Each structure stands twice: as structure tokens, then as C-alpha cells.
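Structure at a glance
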Amino acid sequence: RRQRQMCIRDRIKAIVENTAEPTFENTIVALDNSGEILARVSGVFFALTEADTNDELAALEAKIAPMLSEHSDNIYLNQDLYKRVAALHDQEKAGELKLTTEQHYLLDKYYKGFVRSGAALDMEKQNKLREINKQLSSLTITFSNHVLAENNAFKLVVDKEEDLAGMPDWLKASAADEAKAAGMDGKWLFTLQASSRLPLLQYAENRSLREKMYKAYISMGNNNDANDNKEVLKQVLTLRLEKAKLMGYPTYANYALTDRMANTPEIVNNFISELHEASYPLSLIHISE
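Residues numbered from 1 in each chain as written. Predicted model: local features only at pLDDT ≥ 70, side-chain atom pairs only at ≥ 80, totals over all residues. Heavy atoms only, no water.

What the protein chain contains, in helices and strands, is 13 helices and 2 strands. Against the 2.2 N^0.38 benchmark of 19 Å for 289 residues, the protein chain shows a C-alpha radius of gyration of 25 Å, more extended than a compact globule. Counting only C-alpha atoms, the protein chain reaches 80 × 50 × 35 Å along its principal axes. Evaluated residue by residue, the protein chain yields a buried proportion of 33% over its 289 residues. Here the analysis covers contacts within the protein chain between residues at least 6 apart in sequence; of these, 68% occur between residues at least 24 apart. With 35 positive and 42 negative side-chain charges, the protein chain shows a separation of 4 Å between the mean positions of the two kinds. (Helix = DSSP H or I, 4+ residues; strand = E, 2+ residues; numbered from the N terminus. Rg over C-alpha atoms; globule rule 2.2 N^0.38 Å. Buried < 20%, exposed > 50% of the residue type's maximum accessible area, 1.4 Å probe, protein only. Contact = heavy atoms within 4.5 Å. Lys, Arg positive; Asp, Glu negative; His and termini not counted. Charge placed at Lys NZ, Arg CZ, Asp CG, Glu CD.)

If you want it as C-alpha cells, here you go:
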């Protein structure tokens, strides 16, 4: 991985040290191609950590996350690189640079990416932003690992067949197989995995079982144990607010929404209110039926 990252740094260095005037090809296209290998490798790696992780991958992810954060900051806080991108953006804005729709999109994406990443900040604020980003990258991994650990640890064991009332045969058979694999032959085992949790909540007539499953699901990372996320969340929220204010926004929501279709918290809240007003009467009809 170090060799791959060095290759990216060399490519970025070549863009920055190019003595020719910035053009779309020698700056934007070159920048877009610089991280192709890392993007492909990262895509595979993080797909595995999301879908088929283990202790080794989790430990590796915790180690890699701050490295990737630093690598990204080294690119998007590179002042010489930002100046080349900004120069092209200004040229297009002034009508001096004629680009296709696709080229305009790519230039605009990178320009906004640099600005949103803090390239226009002074050096003191950039250094602070680097530290915040590094801490956030580690904390978000910690949060996810805590939730995953709670998810994997939960076991709902049923030892009376009458408690399975309402469940289809395939669900009972699956739960029996889970129990057998866990050394509890003759019982039924349900977990927080979607393929186990959702059918139980849908079919089980036993209210107590549904309550245990639902409460376990909504309280992952909130059980005052080694996997509790409350302190992690406090740190994340504090750092996000600090980052937003550093970037000139009153809240993190304002910062996060600037490149979204609904680009302010007010628009989002209005949309949610309108959706609630339209859907609530229909939900009452469904309940009454």
C-alpha cells in the first residue's frame, strides 16, 4: 500500500511542478487519474469490512482510516495544487475556458472539493482541520466496530416451540440450524442479522420476543458496556461542530448539506414536515384497518 501511495504522491507532485500553464488535461484529468489504483483497492477493502469483516480486518481498518484521512488532506490542502484548479475554475467562470458538460462537472467537483476540504483556509486553521479529520476518521471506525460487536454478540434463544407461534416453517428451521451450529441442538436461535431479526418482528405472535429483539436492535452501542458509544458520539459531535465553524458554518448540518440537493437544514426540515403532514392521515387509515 505504501508503494501505491508513493505513486499517487509522485503523480500529485508532477502536476504541481508542471511549469506549463494549467489546462484541463494537465491538471484536472491528471488529478482524476492519480488515485485510480487506491480507489479500486479501497473499494474492495471497505466492501469487505462492511459485508464480511473479522477481527483482523477491523484492526487493519482502524489503522488505515487515519492514514487515508491524512493522505486526502495532503492532496486537498496542497496550496499549489489548489491554485491550479482555482485558476481553471476562474477561467471557465470568465468564459475563457470552453468545456463540455462532462468536463465542467469534473472541474466543478474538484474545485468545490478543495474548498469544502479547507484549501482556502489559512495554515493555522488547516493544521487544526487536519487534526480534526484524523480524530473523526478513527472515531467513526470505533463507533462502527462497537455497533458490529453488539450486533454479533446478541443471541435470542427460544426453548419452547409454542413461543414460535406465527412463524413460518422456513424461519423456524433456520433458527433451529443457527442453534445447532452454536451447540444448542433442540432450541431456536435468533440474531440481529436482518435475515433473522426482520422475519421475527414480522411473524412472531409472542410480543415478548418481538420486544426483546426490537429493543436489542435500537440499543446497540448504548448499553453502558465496553461497546458503549455515548462518549464516542459526544466526541464526534463536538469535533463536527468545531469543523463546521472552522469552515465558516453555524452547524455541521449546514456544512454537510452544501453539496446536496436540499442544501440547508431549513429545506430538509420543511420537506420532513410536508412528508409527515401528507403521510400521517394515511397511516391512521392503515392502523384502523
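As a further point, take unusual backbone geometry. With phi around 55°, Asn224 is a residue other than glycine that occupies positive phi space. Along the chain, the position of Asn224 falls in the loop between α10 (207-218) and α11 (230-246). On the basis of relative accessible area, Asn224 is assigned to the exposed category, the value being 64%.

Judged by side-chain polarity, Tyr214, Tyr217 and Ile218 come together as a nonpolar surface patch covering roughly 320 Å² of accessible area. By the secondary structure assignment, Tyr217 is in helix α10. Note on Tyr217: relative accessible area 34%, which makes it partly exposed. (Patch = residues over 30% accessible without salt bridge, like charges linked within 9 Å, V, L, I, M, F, W, Y side chains within 5 Å. Areas by Shrake-Rupley, 256 points an atom, 1.4 Å probe, with all protein chains shown as cover. Salt bridge = Lys/Arg side-chain N within 4 Å of Asp/Glu carboxyl O.)

This brings us to the confidence of the model for the protein chain. In the predicted model, the protein chain carries a mean pLDDT of 92, and 96% of its residues have values of at least 70. Within the protein chain, helix α1 (residues 2-16) has the poorest average pLDDT of any element, 75, and strand β2 (residues 188-190) the best, 98. Across residues 1-6 the pLDDT falls below 50, and counting only partners more than four positions away or on other chains, this stretch makes 6 contacts in the model. (pLDDT = per-residue confidence, 0-100.)

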